[in-house]
Amino acid sequence: QQQVKQSPQSLIVQKGGISIINCAYENTAFDYFPWYQQFPGKGPALLIAIRPDVSEKKEGRFTISFNKSAKQFSLHIMDSQPGDSATYFCAATGGSEKLVFGKGTKLTVNP
Amino acid sequence: DTAVSQTPKYLVTQMGNDKSIKCEQNLGHDTMYWYKQDSKKFLKIMFSYNNKELIINETVPNRFSPKSPDKAHLNLHINSLELGDSAVYFCASSQGRTGVEQYFGPGTRLTVT
(Lines give C-alpha, C1' and ligand atoms only; values in the text may rest on other atoms or scores of the structure.)
Protein backbone atom coordinates (compact mmCIF):
# COMPACT_ATOMS: atom_id res chain seq x y z
CA GLN A 1 0.00 0.00 0.00
CA GLN A 2 2.85 2.36 0.76
CA GLN A 3 4.89 1.50 -2.32
CA VAL A 4 5.49 3.56 -5.39
CA LYS A 5 6.62 1.43 -8.34
CA GLN A 6 8.87 3.16 -10.86
CA SER A 7 10.00 2.07 -14.30
CA PRO A 8 12.23 1.74 -16.17
CA GLN A 9 15.26 1.29 -13.94
CA SER A 10 17.47 2.85 -16.60
CA LEU A 11 16.83 4.79 -19.78
CA ILE A 12 19.07 5.87 -22.63
CA VAL A 13 17.81 8.60 -24.93
CA GLN A 14 19.40 10.53 -27.77
CA LYS A 15 19.76 14.28 -27.50
CA GLY A 16 16.54 15.94 -28.58
CA GLY A 17 14.43 12.89 -27.82
CA ILE A 18 11.63 12.44 -25.31
CA SER A 19 12.36 10.71 -22.00
CA ILE A 20 9.41 9.05 -20.28
CA ILE A 21 9.48 7.62 -16.76
CA ASN A 22 6.45 5.94 -15.25
CA CYS A 23 5.23 5.42 -11.71
CA ALA A 24 2.30 3.60 -10.18
CA TYR A 25 0.85 3.62 -6.68
CA GLU A 26 -1.79 1.77 -4.69
CA ASN A 27 -2.56 4.05 -1.76
CA THR A 28 -5.59 6.18 -2.66
CA ALA A 29 -4.77 8.52 0.24
CA PHE A 30 -1.77 9.84 -1.70
CA ASP A 31 -2.49 13.41 -2.78
CA TYR A 32 0.89 14.89 -3.69
CA PHE A 33 3.21 13.48 -6.32
CA PRO A 34 6.63 15.09 -6.76
CA TRP A 35 9.53 14.20 -8.98
CA TYR A 36 13.09 14.63 -7.78
CA GLN A 37 16.27 14.89 -9.86
CA GLN A 38 19.57 13.73 -8.44
CA PHE A 39 22.97 14.31 -10.00
CA PRO A 40 25.94 12.16 -8.91
CA GLY A 41 27.32 13.30 -5.57
CA LYS A 42 24.40 15.66 -4.91
CA GLY A 43 21.19 15.53 -2.95
CA PRO A 44 17.83 15.02 -4.66
CA ALA A 45 16.28 18.27 -5.87
CA LEU A 46 12.57 18.88 -6.28
CA LEU A 47 11.87 19.14 -10.01
CA ILE A 48 8.12 19.32 -10.42
CA ALA A 49 5.06 18.13 -8.49
CA ILE A 50 1.36 17.54 -9.11
CA ARG A 51 -1.80 17.07 -7.09
CA PRO A 52 -4.60 14.79 -8.31
CA ASP A 53 -7.00 17.61 -9.12
CA VAL A 54 -5.18 18.18 -12.43
CA SER A 55 -4.21 15.68 -15.12
CA GLU A 56 -1.10 17.46 -16.36
CA LYS A 57 1.44 19.98 -15.19
CA LYS A 58 4.15 21.49 -17.35
CA GLU A 59 7.26 23.41 -16.37
CA GLY A 60 9.56 24.16 -19.25
CA ARG A 61 10.61 20.89 -20.87
CA PHE A 62 9.28 18.82 -17.94
CA THR A 63 5.69 17.58 -17.84
CA ILE A 64 3.90 15.37 -15.31
CA SER A 65 0.93 13.42 -16.61
CA PHE A 66 -1.42 12.06 -13.96
CA ASN A 67 -4.07 9.35 -14.37
CA LYS A 68 -6.06 9.14 -11.15
CA SER A 69 -8.26 6.22 -12.20
CA ALA A 70 -5.25 4.13 -13.19
CA LYS A 71 -3.23 5.35 -10.19
CA GLN A 72 -0.33 6.17 -12.45
CA PHE A 73 1.76 9.23 -13.14
CA SER A 74 4.65 9.88 -15.45
CA LEU A 75 7.41 12.36 -16.15
CA HIS A 76 8.05 13.45 -19.72
CA ILE A 77 11.24 15.31 -20.58
CA MET A 78 10.94 16.94 -23.98
CA ASP A 79 13.99 17.77 -26.11
CA SER A 80 16.21 15.81 -23.70
CA GLN A 81 19.70 17.25 -23.24
CA PRO A 82 22.95 15.67 -21.99
CA GLY A 83 22.65 17.93 -18.94
CA ASP A 84 19.43 16.10 -18.04
CA SER A 85 21.45 12.92 -17.40
CA ALA A 86 20.70 12.12 -13.77
CA THR A 87 18.68 9.77 -11.59
CA TYR A 88 15.00 10.64 -11.36
CA PHE A 89 12.77 9.64 -8.46
CA CYS A 90 9.02 9.75 -8.31
CA ALA A 91 7.44 10.01 -4.88
CA ALA A 92 4.08 10.28 -3.20
CA THR A 93 2.63 11.36 0.11
CA GLY A 94 -0.77 11.88 1.70
CA GLY A 95 -2.49 10.63 4.80
CA SER A 96 0.79 10.58 6.70
CA GLU A 97 3.88 12.69 7.00
CA LYS A 98 6.01 10.31 4.96
CA LEU A 99 7.24 10.86 1.42
CA VAL A 100 7.49 7.46 -0.25
CA PHE A 101 10.01 7.23 -3.07
CA GLY A 102 10.19 5.04 -6.14
CA LYS A 103 13.44 3.18 -6.72
CA GLY A 104 14.75 5.66 -9.24
CA THR A 105 15.48 5.77 -12.97
CA LYS A 106 18.96 6.47 -14.24
CA LEU A 107 18.61 8.61 -17.35
CA THR A 108 21.46 8.93 -19.82
CA VAL A 109 21.09 11.38 -22.68
CA ASN A 110 23.64 10.76 -25.41
CA PRO A 111 24.94 13.74 -27.37
CA ASP B 1 22.91 31.06 0.55
CA THR B 2 19.65 29.61 1.82
CA ALA B 3 20.03 25.87 1.93
CA VAL B 4 20.21 22.64 3.83
CA SER B 5 23.79 21.92 4.85
CA GLN B 6 25.36 18.80 6.29
CA THR B 7 28.72 18.06 7.89
CA PRO B 8 30.84 16.18 7.24
CA LYS B 9 30.48 15.37 3.53
CA TYR B 10 32.57 12.23 3.87
CA LEU B 11 33.02 10.04 6.92
CA VAL B 12 35.27 6.99 6.97
CA THR B 13 35.43 5.04 10.20
CA GLN B 14 35.94 1.59 11.61
CA MET B 15 33.38 -0.86 12.84
CA GLY B 16 32.37 -0.31 16.43
CA ASN B 17 33.03 3.42 16.46
CA ASP B 18 30.46 6.11 17.28
CA LYS B 19 29.95 9.01 14.89
CA SER B 20 27.67 12.00 14.38
CA ILE B 21 26.37 13.85 11.34
CA LYS B 22 25.10 17.39 11.66
CA CYS B 23 22.42 19.13 9.63
CA GLU B 24 21.31 22.73 9.52
CA GLN B 25 18.70 24.49 7.44
CA ASN B 26 18.19 28.22 7.04
CA LEU B 27 15.01 27.98 4.98
CA GLY B 28 12.81 28.73 8.00
CA HIS B 29 11.22 25.28 7.77
CA ASP B 30 9.75 23.58 10.82
CA THR B 31 10.20 19.94 9.79
CA MET B 32 13.46 18.08 9.21
CA TYR B 33 14.21 14.55 8.04
CA TRP B 34 16.95 11.97 7.83
CA TYR B 35 17.06 9.62 4.85
CA LYS B 36 19.38 6.74 4.03
CA GLN B 37 20.33 6.06 0.41
CA ASP B 38 21.83 2.65 -0.14
CA SER B 39 24.18 1.49 -2.86
CA LYS B 40 21.23 0.86 -5.18
CA LYS B 41 20.14 4.49 -4.77
CA PHE B 42 17.00 3.59 -2.84
CA LEU B 43 15.89 6.47 -0.57
CA LYS B 44 14.38 5.46 2.73
CA ILE B 45 13.05 7.76 5.44
CA MET B 46 14.58 7.17 8.86
CA PHE B 47 13.36 9.97 11.11
CA SER B 48 11.44 13.21 11.01
CA TYR B 49 11.14 16.05 13.51
CA ASN B 50 8.58 18.83 13.55
CA ASN B 51 9.47 21.74 15.85
CA LYS B 52 11.80 19.46 17.82
CA GLU B 53 9.10 16.76 18.16
CA LEU B 54 9.82 13.32 16.72
CA ILE B 55 7.01 12.50 14.27
CA ILE B 56 8.46 9.71 12.14
CA ASN B 57 10.58 6.93 13.56
CA GLU B 58 10.95 4.16 11.03
CA THR B 59 12.22 0.69 11.78
CA VAL B 60 15.79 1.73 12.36
CA PRO B 61 18.24 0.06 14.76
CA ASN B 62 18.31 1.88 18.07
CA ARG B 63 22.01 2.47 17.48
CA PHE B 64 20.74 5.44 15.45
CA SER B 65 19.59 8.37 17.57
CA PRO B 66 18.43 11.68 16.13
CA LYS B 67 18.53 14.88 18.12
CA SER B 68 16.95 18.21 17.29
CA PRO B 69 18.20 21.06 19.50
CA ASP B 70 16.00 23.53 17.63
CA LYS B 71 13.88 23.51 14.50
CA ALA B 72 16.82 24.57 12.31
CA HIS B 73 19.09 21.70 13.36
CA LEU B 74 18.80 17.94 13.25
CA ASN B 75 21.75 15.73 14.11
CA LEU B 76 22.18 11.99 13.71
CA HIS B 77 24.30 10.00 16.12
CA ILE B 78 25.24 6.43 15.30
CA ASN B 79 26.65 4.07 17.92
CA SER B 80 28.63 0.90 17.35
CA LEU B 81 28.88 1.33 13.60
CA GLU B 82 28.47 -1.76 11.42
CA LEU B 83 29.50 -2.49 7.84
CA GLY B 84 25.85 -2.34 6.75
CA ASP B 85 25.60 1.25 7.91
CA SER B 86 27.73 2.31 4.94
CA ALA B 87 25.48 4.52 2.81
CA VAL B 88 24.79 8.13 1.95
CA TYR B 89 22.73 9.92 4.57
CA PHE B 90 20.63 12.88 3.51
CA CYS B 91 19.06 15.52 5.64
CA ALA B 92 15.98 17.32 4.30
CA SER B 93 13.57 19.98 5.45
CA SER B 94 10.09 21.17 4.63
CA GLN B 95 7.45 23.54 5.93
CA GLY B 96 4.68 21.69 7.75
CA ARG B 97 4.25 18.04 8.64
CA THR B 98 2.74 16.82 5.38
CA GLY B 99 6.01 15.85 3.74
CA VAL B 100 5.52 18.03 0.70
CA GLU B 101 8.22 20.15 -0.93
CA GLN B 102 11.19 18.67 0.84
CA TYR B 103 14.59 20.23 0.25
CA PHE B 104 17.58 17.96 0.57
CA GLY B 105 21.11 18.58 1.77
CA PRO B 106 24.20 17.46 -0.18
CA GLY B 107 24.52 14.19 1.72
CA THR B 108 27.11 12.55 3.96
CA ARG B 109 28.82 9.48 2.53
CA LEU B 110 29.53 7.14 5.44
CA THR B 111 31.96 4.30 4.87
CA VAL B 112 32.45 1.76 7.62
CA THR B 113 35.55 -0.44 7.29
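Definitions and cut-offs
- Residues numbered from 1 in each chain as written.
- Chains lettered and ligands numbered in written order.
- Predicted model: local features only at pLDDT ≥ 70, side-chain atom pairs only at ≥ 80, totals over all residues.
- Heavy atoms only, no water.
- Helix = DSSP H or I, 4+ residues; strand = E, 2+ residues; numbered from the N terminus.
- Rg over C-alpha atoms; globule rule 2.2 N^0.38 Å.
- Contact = heavy atoms within 4.5 Å.
- Areas by Shrake-Rupley, 256 points an atom, 1.4 Å probe, with all protein chains shown as cover.
- Lys, Arg positive; Asp, Glu negative; His and termini not counted.
- Charge placed at Lys NZ, Arg CZ, Asp CG, Glu CD.
- Core = buried A, V, L, I, M, F, W, Y, C linked by side-chain atoms within 4.5 Å.
- Buried < 20%, exposed > 50% of the residue type's maximum accessible area, 1.4 Å probe, protein only.
- Buried area = accessible area lost by both parts, 1.4 Å probe.
- Salt bridge = Lys/Arg side-chain N within 4 Å of Asp/Glu carboxyl O.
- Polar contact = N/O pair within 3.5 Å; in protein donor to acceptor, adjacent residues only side chain to side chain.
- Nonpolar A, V, L, I, M, F, W, Y, C, P; charged D, E, K, R; others polar.
- Phe/Tyr/Trp six-rings, centres within 6.5 Å; stacked < 30°, edge-to-face > 60°.
- Lys NZ or Arg CZ within 6 Å of the ring centre and 35° of its normal.

A.B. asks: Outline the overall build of chain B, supporting the account with residue identities and numerical values.
C.D. replies: Looking only at helices and strands, chain B has 0 helices and 11 strands in total. Starting at the N terminus and walking to the C terminus, you meet the elements of chain B as β-β-β-β-β-β-β-β-β-β-β. Expected size for 113 residues packed as a compact globule is a radius of gyration near 13 Å; at 13 Å, chain B falls within 12% of this value. When its C-alpha atoms are laid out on the principal axes, chain B stretches across 35 × 30 × 25 Å. Relative to all contacts within chain B whose residues are 6 or more apart in sequence, the contacts with residues 24 or more apart total 55%. With the model as given, the accessible surface of chain B reaches about 5500 Å², and the carbon-plus-sulfur share is 50%. Taken as two groups, the 13 positive and 11 negative side-chain charges of chain B have centres that lie 5 Å from each other.

A.B. asks: Outline the nonpolar core, supporting the account with residue identities and numerical values.
C.D. replies: Residues and elements named next belong to chain A. Within the largest apolar cluster, 25 residues are counted, with the highest numbers of intra-cluster contacts made by Val4, Phe33, Trp35, Phe73, Leu75 and Tyr88. At the level of elements, β2 (10-14), β3 (19-25), β4 (33-38), β5 (45-50), β7 (62-67), β8 (72-77), β9 (86-92) and β11 (105-110) are the ones that each hand at least two residues to this core. Take this core: its biggest share by element is 4 residues, from β9. If we skip the residues at most four places from it in the chain, Tyr88 touches Gln6, Ile21, Tyr36, Gln37, Leu47, Phe62, Leu75, Ile77, Gly104, Thr105 and Leu107.

A.B. asks: Account for the interface of chain B and chain A, naming residues and giving values.
C.D. replies: Contact residues are listed per partner, giving 22 residues for chain B and 18 residues for chain A. Between chain B and chain A lies a buried interface of about 1600 Å² when both sides are counted; carbon and sulfur atoms form 58% of it. The closest approach of N and O atoms between Lys98(A) and Glu58(B), which form a salt bridge, is 3.2 Å. Summed over the shared surface of chain B and chain A, the number is 5 residue pairs in polar contact (both at pLDDT 80 or more). Of all the elements in the fold, those that place two or more residues in the side of chain B that touches chain A are β4 (31-37), β5 (43-50) and β6 (53-57) of chain B. At 3 residues, the largest contribution of residues to the side of chain B that touches chain A is made by β4(B). Partitioned by chemical class, the residues of the side of chain B that touches chain A number 11 nonpolar, 5 polar and 6 charged.

A.B. asks: Residue-level account of the environment of Ser48(B), with values.
C.D. replies: Residue and element names in this part refer to chain B. Considering the arrangement of structural elements, one finds Ser48 in strand β5. Between the C-alpha atoms of Ser48 and Glu58, which are 10 residues apart in sequence, the distance is 9.1 Å. What Ser48 contacts, discounting residues up to four positions off in sequence, is Thr31, Met32, Tyr33, Glu53, Leu54, Ile55 and Ile56.

A.B. asks: Describe the packing of aromatic side chains, naming the residues involved and giving the relevant values.
C.D. replies: In the structure shown here, the tally under the stated rule is 17 aromatic pairs over all chains. Ring plane angle 40 degrees and centroid distance 5.1 Å describe the contact between Tyr35(B) and Phe104(B), whose orientation is recorded as tilted. Here Tyr35(B), found in strand β4, pairs with Phe104(B), found in strand β10 (residues 103-104); they are 69 residues apart in sequence, far enough to count as distant. Since its relative accessible area comes to 0%, Tyr35(B) is described here as buried. With centroids separated by 6.3 Å and ring planes inclined at 80 degrees, the aromatic side chains of Phe90(B) and Phe104(B) adopt a geometry described as edge-to-face. Of this pair, Phe90(B) sits in strand β9 (residues 87-94) while Phe104(B) sits in strand β10; the two residues are 14 residues apart in sequence, bridging distant segments of the chain. The structure contains a cluster of three or more aromatic residues connected by ring pairs, namely Tyr36(A), Phe89(A), Phe101(A), Tyr33(B), Tyr35(B), Phe90(B) and Phe104(B). Residue placement shows Lys103(A) over the ring face of Phe42(B); its charged tip is 5.9 Å from the ring centre. It is Lys9(B) that lies over the ring of Tyr10(B); its NZ or CZ is 5.8 Å from the centre.

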